[in-house]
Structures are given as C-alpha cells and as structure tokens.
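Okay, here's what each chain looks like letter by letter:
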Amino acid sequence: MFVRAIYATGDPAKIDTAIRAMNTEGRDLLEDRPGYRGASVFVDRTLGKLLAASWWETEQARSNSDEVLRERRAAMLGPFAGTLAVDNYEALVFHQVQQPRSGGGLRVTRLEFDPRDTDLLADTFRGTVIPRIETLTGLVRATLLVDRERGRGMVGVLFVDQAALAESRSGQAAARHEGAAKAHVSVIGLEEFEVVHSDVRGE
C-alpha cells in the first residue's frame, strides 16, 4: 500500500475544528476515490498537532487522489493550521492485531537511513522489532512507512488506550534501540498522539 501523510500544527484551541473537517468533508472526498483503502487521524491536543494519513492500493491511485484533494486540504485545515506538510510513503509493513479505538494512543518514530538499506530496514522491522512489540500490552497495530528515494521513514505503533501507550514506553524503547542498531537507521523524532479514528483496510 501507499500512504499520504499530512502533518499540521496550529492553535490547540482550534484543533477540534480541524478534526470535524477531516472526519466529515475529508472522509467524503476520500471514500469515492479509486484505490482508497482507508484513513487515520491522530492529534496532540496539548501542543496543537494533527497527523492524518490516507492509504491507497497503488502509487498511481494516491497520486490521482491528490489532484482532487490538494485544493480542498488547505481550506479544511485553514482555521487551525499554521503550518502544513505533506509526505508520501510506501507501506512496507502493516501488522494489525486488533481494531483501533477512538481515544487510543499512537507513537510515531521518525527515521533517516541510507536508501540502499531499505530492505534491511524492512527485514529488521519484521524479524526483530515486531516480535518485541508483540509482547507489549494493548498493542493494536505496527506499521513501517518509507520514502525510498529520500531515505526517510516513519514507524507508527498504535495502542488500545492511553494507559497502554504509557506502559509501553520502556518496552518499545528497547525494541527501537535494537532495531535502529541492526538496520543502521538514525531516529530523528519521537512523538505521541491520541487516536481520533483509524479505519485502514490492510493487506
């Protein structure tokens, strides 16, 4: 699958406006597009951050959808967003063990790596990281997204609720450190979000 990720920051007091727009107009715009596989919205209400992802069967389907969504995106997020960034990824790993729940937790790890090590990263995530995080209480889903050309990636691990997210910090840190060393990646960011919704239809 292929993913378009939208990262917006703005006034925390206005974030609910953005959430409503993404959950209504945003969903309506996406659902009828060919190749659409689902979407997710995550927020940090304290700092005023919104992360939204749409999932697509093919790279072409993702590209075609952006022609429709590009103009509407700024309008939907405008009342909230002071900054807006859009990134495209390939989903190399999608490992789901249960359905996400509203109010759950997401931990995002941002990575940089030599593009030549992309396959090593994917193999390490499947063989080393997934088995480690499967032991964590409340695991919902783990994904590995990469931009092969730029050597950038994002690991997303969802948990059933905020308590499980907090409890998992030490365990995931150990898995992250081992995986980063084996895959020769640099961790350049670590963030946590609340799950607003996530309805991705996996492989």
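Structural notes, computed from the coordinates. (Residues numbered from 1 in each chain as written. Predicted model: local features only at pLDDT ≥ 70, side-chain atom pairs only at ≥ 80, totals over all residues. Heavy atoms only, no water.)

## Quick word on the packing of helix 1 (residues 15–31) against helix 2 (residues 59–77)
So, point 1. The interhelical angle for the contact between helix 1 and helix 2, taken along N-to-C directions, is 160°, at an axis separation of 9 Å. Between helix 1 and helix 2, the angle falls in the class roughly antiparallel. Once helix 1 is placed against helix 2, the crossing between them reads as right-handed. Every residue of helix 2 that contacts helix 1 at Ala 18, Ala 21, Met 22, Glu 25, Gly 26, Leu 29 and Leu 30 is listed here: Leu 69, Arg 72, Met 76 and Leu 77.
So, point 2. Considered class by class, the residues forming the contact of helix 1 with helix 2 number eight nonpolar, one polar and two charged. (Axes fitted to C-alpha atoms, helices over the stretch in contact; angles between N-to-C directions. Helix = DSSP H or I, 4+ residues; strand = E, 2+ residues; numbered from the N terminus. Parallel < 35°, antiparallel > 145°, perpendicular 65-115°, else oblique. Left-handed = near helix turned anticlockwise from the far one by under 90°. Contact = heavy atoms within 4.5 Å. Nonpolar A, V, L, I, M, F, W, Y, C, P; charged D, E, K, R; others polar.)

## Focus on empty space enclosed by the protein
So, point 1. Counted under the stated rule, the structure contains four cavities of 30 Å³ or more.
So, point 2. Its volume calculated, the largest cavity comes out at about 200 Å³.
So, point 3. Lining the largest cavity are 17 residues; nearest its centre among them are Ile 6, Met 22, Leu 30, Ser 54 and Leu 69.
So, point 4. When contributions to the lining of the largest cavity are tallied by element, the ones reaching two or more residues are strand 1 (2–10), helix 1, strand 2 (36–44), strand 3 (49–56) and helix 2.
So, point 5. With five residues, helix 1 is the single largest residue contributor to the lining of the largest cavity.
So, point 6. Split into classes, the residues belonging to the lining of the largest cavity amount to ten nonpolar, four polar and three charged. (1 Å grid on protein atoms, 1.4 Å probe; cavity = no way out; pocket = protein on both sides within 12 Å on 5 of 7 lines; lining within 4 Å. Points joined across faces, edges and corners; volume = space filled by probe spheres on them.)

## As for the pairing of strand 6 (residues 139–147)
Two faces make up the sheet, and in a regular strand the side chains alternate between them.
So, point 1. Strand 6 sits mainly inside the fold: nine of its nine residues count as buried.
So, point 2. Pairing geometry for strand 6 and strand 7 (residues 152–159), over eight bridges, is antiparallel. Within strand 7, the position partnered with Arg 141 by the bridge is Leu 158.
So, point 3. Adjacent in sequence and paired antiparallel, strand 6 and strand 7 are bridged by four residues, among which Gly 151 carries a positive phi angle near 65°. (Buried < 20%, exposed > 50% of the residue type's maximum accessible area, 1.4 Å probe, protein only. Pairing = 2+ DSSP bridges.)

## Observations regarding the packing of aromatic side chains
So, point 1. If you walk through the whole model with that rule in mind, you get two aromatic pairs.
So, point 2. Measuring from centroid to centroid gives 5.4 Å for Trp 55 and Phe 94, while their planes differ by 80°, and the two rings are edge-to-face. Of this pair, Trp 55 sits in strand 3 while Phe 94 sits in strand 4 (residues 81–96), and the two are 39 residues apart along the sequence.
So, point 3. One Lys or Arg, Arg 110, reaches over the ring of Tyr 7 and ends 4.9 Å from the middle of that ring. (Phe/Tyr/Trp six-rings, centres within 6.5 Å; stacked < 30°, edge-to-face > 60°. Lys NZ or Arg CZ within 6 Å of the ring centre and 35° of its normal.)

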